[in-house]
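Read off the chains here:
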Amino acid sequence: MLHTRRHMLKTAAFAAAIPLAGASTFAADAAKELIGPATAPTSGKDPWKGLKFGVASYSFRKIPLADTIAAIKRLDLHYVSIKDTHLPLDSTTAQRKEVAQQFRDAGINPISCGVISMKDEASARHAFEYARDIDVPTIVAFPELAVLPALDKLVKEFNIKIAIHNHGPEATHFKSPLEAFAAVQPFDARLGLCIDVGHTARAGVNPPDAMRKCKERFYDCHFKDIVSVNAKNAGTAETEIGRGVLDIKGMLEALLEVKYAGHVGFEHEKTAENPLPGLAESMGFTKGVMSCLGA
């Protein structure tokens, strides 16, 4: 029997009050109650069904690097998008390689970096050198429109993808993935998108629809939930996955349908001082929904 969203929110709220190891399991079980029984056995299989789930390190922006690495390892996630709070953009090549190696030594693969603002070609080139030094295939970026021709040149020179992050209704440009998708069409295919599902919904676009429409240039994803599509800014919108209004099942189905190969980064913003419990709850809920989807 399917449970209502109100019942789900009531039960999932207890996850944050129990020990961390239990929060993820509790949320996963609660998700299964909401969605229904699994359509196929999942024992012994990859719970993410081939999707590269990890963490946007922005979630840990107030946490030191060593503690961030330990927390991601504790979550048993193996991909990270590195934010400059953990590796400054003005770092040296040696420092960049050292930090990237710290993640890799912990079993966490740096798969992208950002979000990095790009005001001109010089700042864009600096970002590409940074990404080259940490050996990631994708830069999550928020460039000015005038910088796109320079990015077309740089993706060819460095063979590193650009994933333009949509910033929601408050942004001057790239409010939704559809705007970014239209803007990159004249350029090299390595110029693509990072779909932030919360900002996408707040901009009036359905995230699963955007994933399907933009699949050819969909290179990174910030995965989260929000309390309302009418929230006035990102800082008050985000919540633990399963407590909000986004169609988590629909987004996961779309990612699987388009055979999405990029990073799916959990991004938990509301508790920067202690994001681990919220991330564990979000991960557990997502894993529970994944277990109820077809192989």
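Residues numbered from 1 in each chain as written. Predicted model: local features only at pLDDT ≥ 70, side-chain atom pairs only at ≥ 80, totals over all residues. Heavy atoms only, no water.

## Let's talk about the packing of aromatic side chains
To describe a pair of aromatic rings, you give the distance between the ring centres and the angle between the ring planes.
Thinking step 1. One pass over the structure, following the stated rule, counts eight aromatic pairs.
Thinking step 2. Ring centres of Phe53 and Phe223 lie 5.7 Å apart, and the angle between their planes is 90°; this geometry places the pair in the edge-to-face category. With Phe53 in strand β1 (residues 52–56) and Phe223 in strand β7 (residues 218–223), this pair connects stretches of sequence that are 170 residues apart. In terms of burial, Phe53 and Phe223 fall into one category: buried.
Thinking step 3. Stacked on the ring of Tyr58, the Lys or Arg Arg61 has its end atom at 4.3 Å from the ring centre.
Thinking step 4. The ring of Tyr219 carries the charged tip of Lys161 above its face, separated from the ring centre by 5.4 Å. (Phe/Tyr/Trp six-rings, centres within 6.5 Å; stacked < 30°, edge-to-face > 60°. Helix = DSSP H or I, 4+ residues; strand = E, 2+ residues; numbered from the N terminus. Buried < 20%, exposed > 50% of the residue type's maximum accessible area, 1.4 Å probe, protein only. Lys NZ or Arg CZ within 6 Å of the ring centre and 35° of its normal.)

## Digging into helix α7 (residues 177–184)
Thinking step 1. Those residues of α7 lying buried are Pro177, Ala180, Phe181 and Val184. Down the axis, α7 shows its buried residues gathered within 100° of arc, on one side only.
Thinking step 2. Summarising the contacts, the buried residues of α7 are in contact with β5 (161–165), β6 (191–196), α8 (197–202) and α9 (207–213). (Arc of directions from axis to C-beta. Contact = heavy atoms within 4.5 Å.)

## Let's talk about the environment of Phe218
Thinking step 1. Along the polypeptide, Phe218 turns up in strand β7.
Thinking step 2. Phe218 sits 37 residues away from Phe181 along the chain, and the two C-alpha atoms are 8.9 Å apart.
Thinking step 3. The contact partners of Phe218, leaving out residues within four places of it in the chain, are Leu193, Ile195, Met211, Leu255 and Tyr260.

## Some thoughts on the nonpolar core
Thinking step 1. If you look at the biggest cluster of nonpolar residues, it comprises 87 residues, and the most contacted ones within it are Ile139, Leu151, Ile162 and Phe223.
Thinking step 2. Broken down by element, this core gets its largest block of residues, seven residues, from helix α12 (residues 276–291). (Core = buried A, V, L, I, M, F, W, Y, C linked by side-chain atoms within 4.5 Å.)

## Focus on unusual backbone geometry
Thinking step 1. Here the amide bond leading from Gly114 into Val115 is cis, since omega sits at 15°, within 30 degrees of zero.
Thinking step 2. Counting through the fold element by element, Val115 comes out in strand β3 (residues 109–118).
Thinking step 3. Of note, Asp76 is a non-glycine position whose phi angle comes to about 60°, a positive value.
Thinking step 4. Looking at the element boundaries, Asp76 is found in the loop between α3 (65–75) and β2 (79–82).

## Considerations on the sheet that holds β1
Thinking step 1. Taken in spatial order, the eight strands line up as β1-β2-β3-β4-β5-β6-β7-β10 and close into a barrel, and their pairing is parallel. Each neighbouring strand pair of the sheet contributes to a mean axis angle of 30°, computed without reference to strand direction.
Thinking step 2. This element, helix α5 (residues 121–134), spans β2, β3, β4 (138–143) and β5 of the sheet and lies at about 170° to β3.
Thinking step 3. In the packing of α12 onto the sheet, contacts are made with β1, β7 and β10 (263–266), and the angle to β10 comes to roughly 130°. (Pairing = 2+ DSSP bridges. Axes fitted to C-alpha atoms, helices over the stretch in contact; angles between N-to-C directions.)

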